[in-house]
Amino acid sequence: MARESVTDQYLTPARLGTQSLLATFSRPLYFALKDERFQLVSFTHKQVRISLSDIRVQDEGGYYCQLYSEDTHHQVAVVTVLVPPKPVVTVSGEEPVENGDVELICTVPRSKPPARIRWFRDKKQIQGVSSQQQSGKTFEVTNVVKFPVQRKDNGATVTCEAELPSVKLSKQRTDFSLSVRFPPVVKVQPPSVLLREGDDLTLTCSVTGNPQPSGVVWSRLNDTLPVRAEFRGNLLTISALSTVDNGTYVCEAENQLGKSTDEYVLVVYEIPISTTLLPRTPLPDPGAVVEPRTSVSYAVVGGVLAVFVFAVLCVLIVTVWLTMRQKGSYLTHEASGLDEHGEAREAFINGNDTHERKKEYFI
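Residues numbered from 1 in each chain as written. Predicted model: local features only at pLDDT ≥ 70, side-chain atom pairs only at ≥ 80, totals over all residues. Heavy atoms only, no water.

Draft legend 1. The arrangement of the overall build of the protein chain in detail. Counting its secondary structure elements, the protein chain contains two helices and 23 strands. Counting across all 363 residues of the protein chain, residues that qualify as buried make up 31%. Considering only intrachain contacts with a sequence separation of at least 6, the fraction spanning at least 24 residues in the protein chain is 57%. In the structure as shown, the protein chain presents an accessible area of about 24400 Å², 55% of it carried by carbon and sulfur atoms. (Helix = DSSP H or I, 4+ residues; strand = E, 2+ residues; numbered from the N terminus. Buried < 20%, exposed > 50% of the residue type's maximum accessible area, 1.4 Å probe, protein only. Contact = heavy atoms within 4.5 Å. Areas by Shrake-Rupley, 256 points an atom, 1.4 Å probe, with all protein chains shown as cover.)

Written out as structure tokens, the structure is:
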């Protein structure tokens, strides 16, 4: 809006160099506006005020108010129109594929003065190449950025920020979500509990990919699927498990960039009729395994074996101790016999002297 006021009775607002605004004054006062966007706000003998709505670049220029009296006077109000930036982000060429490069273009079709464009990714600024082209009083500004992308970048956000230099509150941002194409990734999720013969098995096939595969295909390796198998979306359900259901189950998904599979090995053991069902326990490893149960407790068997081993060790220890004792007694008697033999030998050598001496003791 352009405003100008002069203190006098006769005022004539007009447009410099154009005829879009014309006002003449007489008594009674008469005001004529050729452009409907101009509106008379107030008109007194001291002031004339007008307003301009929906202002455009073409409305730039000097507006003057002229006073008619003995001397002609006028004042000029200069109107400058700014064009705020509105950034638009597009992808150059086709959508990127993982391990490739993406080229993004941020364009501000019209701005005045030329807009300044910056790129941001993960709150960090990335450098681009900027160019501009003038069209009349406005400018078209373009900034191009190029960087490599991975599968993890699918869905990441890149921001283009445009602002008018030295003009406050002129920032405009446009967020762009990256779309990175990659082949599907398939994962079969096993059940969380240990399955037994007669239970129902449910397998979930999780699939990610860009483009997203429309569905999955279930199969059994080197065999057909059981007649009791049911399909519901990405789920495979087999009711009343039995040993005939053993096998490797395969989930497969495909898109334009390739296909992927994942397997699940099902092993079902036949359970004896006398088996007592135990409470369910979490299944630590994939593969539904139904193990046979026996009525004999492993703890009891282990205890009997321990007692038996202990008894054998005790018998061995007692036997060794008795053997060592008997051997010691034999050695004692043998030593005593040797002493008697030595005395007899000495008497034989010395003749009867010994006996004579003994006799002398008694006399």
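Draft legend 2. Geometry of the nonpolar core. L104, I117, W119, F147 and L178 are the most contacted members of the largest nonpolar core, which has 20 residues in total. Mapped by element, the contributors of at least two residues to this core are β9 (101–111), β10 (116–121), β13 (138–148) and β14 (157–163). Leaving out residues up to four positions away in the same chain, L104 has contacts with T90, V91, W119, N143, V144, V145, F147, V158, F176 and L178. With 19 residues, the next largest nonpolar core counts L195, C205, V207 and Y249 among its residues. (Core = buried A, V, L, I, M, F, W, Y, C linked by side-chain atoms within 4.5 Å.)

Draft legend 3. Representation of the packing of aromatic side chains. Applying the stated criterion to the full structure yields one aromatic pair. Ring geometry for F38 against Y63: centres 6.4 Å apart, planes inclined by 55°, an arrangement best described as tilted. With a gap of 25 residues between them, F38 in strand β4 (residues 38–43) and Y63 in strand β6 (residues 61–67) connect regions that are remote in the sequence. Assessed through its relative accessible area of 4%, F38 is described here as buried. (Phe/Tyr/Trp six-rings, centres within 6.5 Å; stacked < 30°, edge-to-face > 60°.)

Draft legend 4. Inspection of the environment of A77 at higher detail. Counting through the fold element by element, A77 comes out in strand β7 (residues 73–79). When its relative accessible area of 12% is taken as the criterion, A77 is described as buried.

Draft legend 5. View of unusual backbone geometry. Going from K112 to P113, the amide bond is cis rather than trans, its omega being -5°. The topology assignment puts P113 in the loop between β9 and β10. A cis geometry characterises the amide bond from N210 onward to P211, with omega recorded as 5°. Even without glycine at this site, D122 takes up a positive phi of about 55°. On the secondary structure map, D122 appears in the loop between β10 and β11 (124–126). A positive phi angle is found at N222, which is not glycine, with a value near 60°. With respect to the helices and strands, N222 occurs in the loop between β18 (217–220) and β19 (229–232).

Draft legend 6. Highlighting a nonpolar patch on the surface. A surface patch of nonpolar side chains, amounting to about 470 Å² of accessible area, comprises F308, V309, V312, L313 and L316. Along the chain, F308 falls in helix α1 (residues 298–350). (Patch = residues over 30% accessible without salt bridge, like charges linked within 9 Å, V, L, I, M, F, W, Y side chains within 5 Å. Salt bridge = Lys/Arg side-chain N within 4 Å of Asp/Glu carboxyl O.)

Draft legend 7. How the structure looks around the sheet that holds β19. Pairing within the open sheet is antiparallel, and its four strands lie in the order β16-β17-β20-β19. The open sheet has two edge strands, β16 (182–189) and β19, and neither has a second partner. Between one strand and the next, the sheet's axes are offset by a mean angle of 20°, whatever the strand orientation. (Pairing = 2+ DSSP bridges. Axes fitted to C-alpha atoms, helices over the stretch in contact; angles between N-to-C directions.)

Draft legend 8. Local environment of the pattern of salt bridges. The final tally for this structure, using the stated rule, is twelve salt bridges. Two residues, R151 and E98, come together in a salt bridge whose shortest N-O distance is 2.8 Å. One end of the pair, R151, is in the loop between β13 and β14; the other, E98, is in the loop between β8 (88–91) and β9, and 53 residues separate them in sequence. Judged by relative accessible area, E98 falls into the buried class, the value being 19%. Connected via shared salt-bridge partners are E60, K112 and K137.

Draft legend 9. Up close: the confidence of the model for the protein chain. Per-residue confidence for the protein chain averages 77 on the pLDDT scale, and 71% of its residues sit at or above 70. Contacts from residues 1–32, a stretch scored under 50 in pLDDT, to residues over four places away or in other chains number 84 contacts. In this model residues 352–363 is a low-confidence stretch, pLDDT under 50, and it forms zero contacts with partners more than four residues away in sequence or in other chains. (pLDDT = per-residue confidence, 0-100.)

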